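# Tertiary structure, described
Here is how the chains run, residue by residue.
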Amino acid sequence: MRVAVFAGDGIGSEVTAEAVRVLEALDLLKLELVYGDVGGVAYRKHGHPLPAETLEIARSCGAVLFGAVGDFSCDHLERHLRPEQAILGLRKELGLFANLRPATVFKGLEDLTTLRPEVAEKIDLLIVRELNGDVYFGEKGIRTLDDGRRQGWDMMSYAEDEVRRIAHTGFKAAMGRRRKLCSVDKANVLETSQLWRDVVIEVAKEYPEVELSHMYVDNAAMQLVKNPGQFDVIVTGNLFGDILSDQASMCVGSIGLLASASLAEGTFGLYEPIHGSAPDIAGKGLANPMATILSAAMLLRHSYGLEVQAARIEAAVGRALADGIRGGDLGGQAGTKEIGDAVLARL
Ligand code: ATP
Ligand code: MG
C-alpha cells in the first residue's frame, strides 16, 4: 500500500509525524510512504502551492494523508498561488466528491462539548457532504437591473448522477455503521431538493438493510442540537453539508480531535484533520495530533478496507483520552510527541 503524506504548513508537519508513527506501528503489509510538498512550503520551494510532482505523487498512491495548509507570509500573493489553493486543486484534480466528517464524543470529554453532557454523550454520527456540485458551482454573477438595482444570483443545481453517487457513499457508510441514513434537503421549497429526494429513494432500493429517513435542513439543524443521538449517517448537499458539518463538529468539542475524509470514486481518498495550520502554536510541539491520527484511521478504513486496524487506532485514542491525556486544546498539558507516545502505548 502506497500512501502519500503531504504535511504542509504550520503544525501540519508535527501532527502528520505522529500519525505516521501510528501507521508504522501497525505492521501493515508493504506500507510505503511517499512524501510531497503542498501549501506555503511548496510555494517557497517550487513556486506553486500544488506542484506538478506533488499531484503526480498523489496519483501514484492509493490515499493521501494531509496535514494543513496556510501561511501568512503568502497573503500578498495572487489567489492562485496561495497555500489554500493546494487543497482546492487536489479536490478538483483527484475528483474528490464526498466529504466525510465523523462526530463522536469520547468518554470523559462530555463536559467539554457545547451541549449538556447527557445529550452530548449520545453523539456518534457521520456527515457525508457532497463536494462538487450545488450552489457553489452553478452559474453566478452580479448584474444591474433595468431600474438600476444590483442583483446577485447563484444557481443551485444537481444532476441525478451526482446525487446517485453521493447517495451510494452515504448508504455504504451506513452499512458499515448502525445502518441508519438520514437524507437532509429542503424539498418543500427547492426543486433541486425534490430531485435529490427522488434519487435517494431510488438508490435506497439497493440497500434494503439501511433504514432511510428524510429531514428538512432547518429541522436537521435543530435536531443536531436537541437530540443528536438519533443520527447515524447524514447525507446532504454541498451547501447544507458545509453548515451542518461545522455545527456538528462544535457540538462534540475540540478542534484537535476532529478528522475528515474526502473521497473519490472507487477507494481513493484524502484524509486530514479539520483544523488548519495553527500558526500561533506552530513549531512548539504543542499541537494535538489526535485529529490527524484519527484521519489515518479513516484512511485505513475507507481506502484499504482495514476496519480492524482503523478501530484499533480509534480505541487507542479513546483510551488515551479516558486516561486523562489532554492536549492544550482540551485544557491539558500534553505536547504533540507525548500524545503520540500515549496513543502508541495503547495501540
Ligand atoms: P486555517 O486558516 O489554516 O484554517 P484557522 O485560523 O482557521 O487556520 P486553525 O489553524 O484551525 O484555524 O486554528 C484555530 C485555533 O485552534 C488556533 O488557536 C489554534 O492554535 C487551535 N488549534 C488548531 N488545531 C489545533 C491542534 N491540533 N491542537 C491544538 N490547538 C489547535
Ligand atoms: Mg480555518
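In the annotation of an unreviewed UniProt entry, the entry for the protein chain reads 3-isopropylmalate dehydrogenase, and the organism field reads Novosphingobium kalidii. Regarding the protein chain, the UniProt comment filed under Catalytic activity (unreviewed entry) reads as follows: "(2R,3S)-3-isopropylmalate + NAD(+) = 4-methyl-2-oxopentanoate + CO2 + NADH". UniProt, in its Pathway (unreviewed entry) section for the protein chain, records the words "Amino-acid biosynthesis; L-leucine biosynthesis; L-leucine from 3-methyl-2-oxobutanoate: step 3/4."

Right, let's talk about the pairing of strand 1 (residues 2-8) for a bit. Taking burial as the measure, the seven residues of strand 1 include six buried ones, the bulk of the element. The pairing of strand 1 with strand 2 (residues 32-35) spans four bridges and is classified as parallel. Residue Arg2 lies in a different strand from strand 2, and its bridge partner there is Glu32. You can see the chain leave strand 1, run along helix 1 (residues 12-25) and come back into strand 2, and the turn it takes is right-handed.

Turning next to the environment of Leu126. When you line up the elements, Leu126 lands in strand 5 (residues 124-130). Since its relative accessible area comes to 4%, Leu126 is described here as buried. For the pair Leu126 and Leu181, spaced 55 residues apart in sequence, the C-alpha separation works out to 9.6 Å.

One frequent convention defines the size of an interface as the accessible area lost when the parts assemble. With domains assigned, the protein chain is organised as domain 1 (1-98 + 255-347) and domain 2 (110-253). Centre-to-centre, using C-alpha coordinates, domain 1 lies 25 Å away from domain 2. Listed per partner, the contact involves eleven residues of domain 1 and twelve residues of domain 2. The three residues of domain 1 that bury the most area against domain 2 are Phe97, Ala98 and Leu258, which together make up 48% of that side's buried surface. The tally of links from domain 1 across to domain 2 stands at one salt bridge. In this structure, Arg165 engages Glu265 in a salt bridge whose closest nitrogen and oxygen atoms are separated by 3.5 Å. Across the domain 1-domain 2 interface, the total number found is one residue pair in polar contact (both at pLDDT 80 or more). Its residues assigned to classes, the side of domain 1 that touches domain 2 shows eight nonpolar, one polar and two charged.

In the structure shown here, the tally under the stated rule is two aromatic pairs. The interplanar angle of 55 degrees and the centroid separation of 5.4 Å between the aromatic rings of Tyr158 and Trp196 together place this pair among those described as tilted. Pair noted here: Tyr158 is in the loop between strand 7 (150-154) and helix 6 (160-175) and Trp196 is in helix 7 (residues 191-204), with a separation of 38 residues, a long-range link. We note that Tyr158, like Trp196, is buried. Where Phe171 meets Tyr207, the ring centres are 4.9 Å apart and the plane angle is 5 degrees; that geometry is what we call stacked. Of this pair, Phe171 sits in helix 6 while Tyr207 sits in the loop between helix 7 and strand 9 (211-216), and the two are 36 residues apart along the sequence. In this pair, the class of Phe171 matches that of Tyr207, namely buried. When the ring centre of Trp153 is taken as reference, the NZ or CZ atom of Arg143 above it lies at 4.1 Å. The cationic tip of Arg165 hangs over the ring face of Phe97; the distance from NZ or CZ to the ring centre is 4.0 Å.

Lining the immediate environment of ligand 1, one finds 13 residues, of which Gly276, Ser277, Ala278, Asp280 and Asn288 sit closest. At 2.8 Å, a backbone N or O of Ala278 approaches an oxygen atom of ligand 1. Contact with the protein chains removes 62% of the 620 Å² of surface that ligand 1 exposes when unbound.

Right, let's get into the packing of helix 1 against helix 10 (residues 290-304). Remark: helix 1 packs on helix 10, axes separated minimally by 8 Å, with the N-to-C direction vectors making an angle of 45 degrees. Taken together, helix 1 and helix 10 sit at an angle that is classed as oblique. Crossing handedness for the pair helix 1 and helix 10: right-handed. Along the contact surface, helix 1 presents Val15, Thr16, Glu18, Ala19, Val22 and Leu23, while helix 10 presents Thr292, Ile293, Ala296 and Leu300. Looking at the contact of helix 1 with helix 10 residue by residue, the class counts come to seven nonpolar, two polar and one charged.

Definitions and limits used
Residues numbered from 1 in each chain as written. Chains lettered and ligands numbered in written order. Predicted model: local features only at pLDDT ≥ 70, side-chain atom pairs only at ≥ 80, totals over all residues. Heavy atoms only, no water. UniProt positions renumbered as here; feature names shortened; annotations may be inferred. Buried < 20%, exposed > 50% of the residue type's maximum accessible area, 1.4 Å probe, protein only. Helix = DSSP H or I, 4+ residues; strand = E, 2+ residues; numbered from the N terminus. Pairing = 2+ DSSP bridges. Right-handed = clockwise from strand over helix to strand, strands pointing away. Domains from an automatic or database assignment. Contact = heavy atoms within 4.5 Å. Buried area = accessible area lost by both parts, 1.4 Å probe. Salt bridge = Lys/Arg side-chain N within 4 Å of Asp/Glu carboxyl O. Polar contact = N/O pair within 3.5 Å; in protein donor to acceptor, adjacent residues only side chain to side chain. Nonpolar A, V, L, I, M, F, W, Y, C, P; charged D, E, K, R; others polar. Phe/Tyr/Trp six-rings, centres within 6.5 Å; stacked < 30°, edge-to-face > 60°. Lys NZ or Arg CZ within 6 Å of the ring centre and 35° of its normal. Near = heavy atom within 4 Å. Areas by Shrake-Rupley, 256 points an atom, 1.4 Å probe, with all protein chains shown as cover. Axes fitted to C-alpha atoms, helices over the stretch in contact; angles between N-to-C directions. Parallel < 35°, antiparallel > 145°, perpendicular 65-115°, else oblique. Left-handed = near helix turned anticlockwise from the far one by under 90°.

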